[in-house]
Amino acid sequence: MKIIVLMKQVANKDAILRINKDATWIEEGDLSYEVNESDGYALEEALRLKEKHGGEVVVCSMGPQRVKAVIKDALARGADRAIHVVGDELTRLAPLPAARALAEAIRAEQADLIMTGLQSDDNGYGQTGVIVAELLGLPHATIVIELDASDDKLRVKRELENGWYQWYEMPRPALLTIQSGISQIRYATLKGIMAAKKKEIREVAPTSDMTSGAPDQRITKIYFPQKTKQTQFLGDGDAKAGAAQLAEKLRTEARVF
Amino acid sequence: MSAVAEEKKIIAGGSFLIEERTPEEIFTPEDFTDEHRMIAETTREFVDNEVRPATEELEQHNWQLARELIRKAAELGLIGVNIPEEYGGLGLDQTSGAIVGEMMGRSASFATTLGAQSGIGLTPIIYFGTEAAKQKYLPKIAAGELITAYALTEAGSGSDAMAAKATARLSADGTHYVLNGEKMWITNGGFADVFVVFAKVDGDKFSGFIVERQPGLTSGAEEHKMGIKGSSTTALVLSDVTTPVENLLGEVGKGAKIAFNILNFGRFKLGSMCSGGMKLMIREAVRYANERHQFGRPISSFGAIKAKLAEMAIRAWVGETLVYRTLGLIENAISGAQDSEAKLRGIEEYAAECSIIKVALSESCDFVADEMVQIYGGYGYSADYPAEGAYRDSRINRIFEGTNEINRMLIPGRIMKSALSGKLALLPAAQKLMDEVLSPTLGALDEDAGVLAVEAKLAAAAKKVALMTLGTAVQKYMTALAGQQEVLMGIADIIMDAYAMESSVLRAQKLVAVQGEEQSARHLDMVSVFCHDAIDRIETHAKQTLAAMSEGDELRTLLAALRRFTKRTPINTVAARQRIADVLIKANRYAY
Ligand SMILES: Cc1cc2nc3c(=O)[nH]c(=O)nc-3n(C[C@H](O)[C@H](O)[C@H](O)COP(=O)(O)OP(=O)(O)OC[C@H]3O[C@@H](n4cnc5c(N)ncnc54)[C@H](O)[C@@H]3O)c2cc1C
């Protein structure tokens, strides 16, 4: 089975973000970066499938040279080779042009399975993977938390709203977007790190017609969430009812459980 | 193989005092490869995800868990990093090993456990073990299946390790040794399987052995320690314990060579662990200072707190600089060395530098821990917050791997040994400097513009002062110098600061060359502040030692030279510290 994992490099979760001068993006100067969380889980699923069924895991990432860190990390964790779609401005593309560039970079690979995280931690569109599937004419499933590829079909478990799940059967090849936190991600062992040095990283440059053209979508302004304070009294004096309402709110609104 | 092919330039240990180096010549963290960075990341992930959350259980002496963690560390390659490939390790460079050590420093207890497992309890076997012993033990140690310990200290012999009373005698049939004695303070003593034990053959020939756990070898109760409570420390009683002759390390009577060489590795490792510990403490302290509000603002906005944060970062950065510069020297000397002997000579060459790292980093680590407590205020005194544990954990570093007193005395001691053996042209350099001191046309430190110009001159001045005090001491005391501890300690402090000043200037010059002055501004601030503070310290130490060694006209001449060497215009370190702190505060982490 040939599996391609699309992985994005995003700003470190702990970074203190500052907005750039024209309020269109964050200041990138001294940011540190990491792999997009759910993409890490996508890679882990891919590596587990390979362990079970054999085959090859190819990682593909897009962006300036700094994204090599994500690629090398994936190779160290066990991916077999990589495709790097190189370009300084590529990380800021809207989902459609981003998906076009990615789809063209991997089309010739004829993968059996393509996996991505369910969304990126920076833009959070949750669209890029789905559009890649569309461009490649493949079926897709989103927010996948479990999968079984033992025969030539795919059985996937999707997370729905409100604690509901769905088992879904689909043909291969296909594209799946993977939910975070569904497994224990393996470490890059020191052996893996040294072995990664010898693995292939193929650089490709997207053509300008993939990434330019009239933008379907662009960011006009970014800003920090405006904080407003609101007080609600729960339970109307009844502690037990208040506690129940609070638990409900924590679950459905704050989503801390 | 021809001898010529093997020859490469090895920089003499201690030569930093008398020779000039260029920025390209020194190794710095900026020289890490991608692989080094990934090794750091793997180790950090492992420690943060698996070890630190287990601290409480380890502190309750759950040694089964410690074993499991060691096994997991081994699976990742963290134990075998410097074990040769033919014995089941990865055989990676010393830098990789130091990076693992640095990241392990994020858990003081576990770093100590591993310091025995993959440091002092392992290295003697790699370098002094027989082929049979290496085949037998190394693969299992690398795999984390065997836990090791290093048993040198006894109740009556700590710093004076050679005064050990434990004995070994060869069996009548010559097949094995029988050991008896008691050891004290043995890290991993409670659960180790294999011990490197030092004992005297026939009561006088100090030697090293590998000894397996067996009925005659009993561990005492766990010591009730101030810190690193999640590491096992016990006494060991050996009564008629046996070990086969293949388990002799090196030669009978040559145990001192093992003990001292291993300490060089251990001191270096301790330094890298302190480096990692400091960075974590700074991160926690910055976060806390940003979150904690008093008088309606975050306490990180107060100058008093900023000054602390800045100084913590300076100590961490300078310490790290020392660790990796020295590592570069060791790596260069060891890599490509043909055999264990050559490798050992490689590290022994830098015994003085290893002692500097041990002392400087352990004291900086303590400083950082102390200020961390202070920044946390009352919460720093509470065991529910991280500062309290960090403070207690840090303290041991000044005691083990040779106390800081012993290590301080070793610094000038090792340098003088090289000088007297003719390996280091220190005495002629000191003589030349003394002539300069007496000449009326002594050049003073003129105010030079240009980036790092002043700091470079201060570093050069520091080296001169080190040479002047050391030269005066040698002239005055000759071979009796070893008995002049106060003078030696003062000189050690001067030498340490001189090495640190020069190293940080060279690292900053390298940064400027690579990324330009503007990008390096925050580092330039650190180097400026450090050099100006250090030269003040150096001047104080120099005055004290010179006044102890000379008097009258001679003293006046020396003090005049000292003044001229160190003449400087104070800079605004207050503003520089604020800028340094602001970088940390903005980044909300150790951002250097
Ligand atoms: C937690 C812990 C773990 C340890 N792990 C190990 C281990 O795994 N293996 C092992 O072999 N040992 C281990 N040790 C022992 C440690 O190395 C010794 O404690 C240390 O070497 C100091 O020896 P000592 O305690 O006997 O102190 P002493 O030697 O009695 O020193 C007491 C004081 O006197 C000073 N002093 C001693 N001699 C001189 C001198 N000549 N000149 C000036 N000052 C002097 C010292 O600097 C110190 O301040 C451990 C100790 C601890 C606390």
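What you see is a predicted model; the values in this text were computed from it and never measured. (Residues numbered from 1 in each chain as written. Chains lettered and ligands numbered in written order. Predicted model: local features only at pLDDT ≥ 70, side-chain atom pairs only at ≥ 80, totals over all residues.)

A closer look at the interface of chain B and chain A
Taken together, the contact pairs 18 residues of chain B with 13 residues of chain A. Of all elements in the fold, only helix 2 (34–51), helix 4 (63–76) and helix 20 (573–587) of chain B reach the threshold of two or more residues within the side of chain B that touches chain A. The element contributing the most residues to the side of chain B that touches chain A is helix 2 of chain B, with seven residues. Residue classes in the side of chain B that touches chain A are distributed as nine nonpolar, three polar and six charged. (Contact = placed C-beta atoms within 7 Å. Helix = DSSP H or I, 4+ residues; strand = E, 2+ residues; numbered from the N terminus. Nonpolar A, V, L, I, M, F, W, Y, C, P; charged D, E, K, R; others polar.)

Notes on unusual backbone geometry
Cis geometry marks the peptide bond from R172 of chain A to P173 of chain A; its omega dihedral reads -10°. Tracing the chain through its elements places P173 of chain A in the loop between strand 9 (165–171) and strand 10 (174–178). Notably, I228 of chain B is not glycine yet its phi reads approximately 30°, a positive angle. Within the secondary structure layout, I228 of chain B lies in the loop between strand 6 (217–219) and strand 7 (233–244). You will see that F295 of chain B, though not glycine, has its phi angle at about 55°, which is positive. With respect to the helices and strands, the residue F295 of chain B is situated in the loop between strand 9 (293–294) and strand 10 (297–298). Take F295 of chain B: there are 8 C-beta atoms within 10 Å of it, and that puts it in the exposed class. (Buried ≥ 20, exposed ≤ 12 C-beta atoms within 10 Å, placed from the backbone.)

Details of the site of the ligand
Residue and element names in this part refer to chain B. Neighbouring the ligand are 19 residues; L152, G158, S159, T187 and T403 lie closest to it. Looking at the shell around the ligand, the elements with two or more residues in it are strand 1 (148–151), strand 3 (176–187) and helix 14 (404–420). The dominant element in the shell around the ligand, judged by the number of residues it contributes, is strand 3, at three residues. Its residues placed into classes, the shell around the ligand shows 10 nonpolar, seven polar and two charged. A domain split of the shell around the ligand shows at least three residues from each of domain 2 (149–251) and domain 3 (256–406). (Near = placed C-beta within 6 Å. Domains from an automatic or database assignment.)

Examining the domain arrangement of chain A
Each assigned domain of chain A is listed with its residue range as follows: domain 1 (2–211) and domain 2 (227–257). On a C-alpha basis, the centres of domain 1 of chain A and domain 2 of chain A stand 37 Å from each other.

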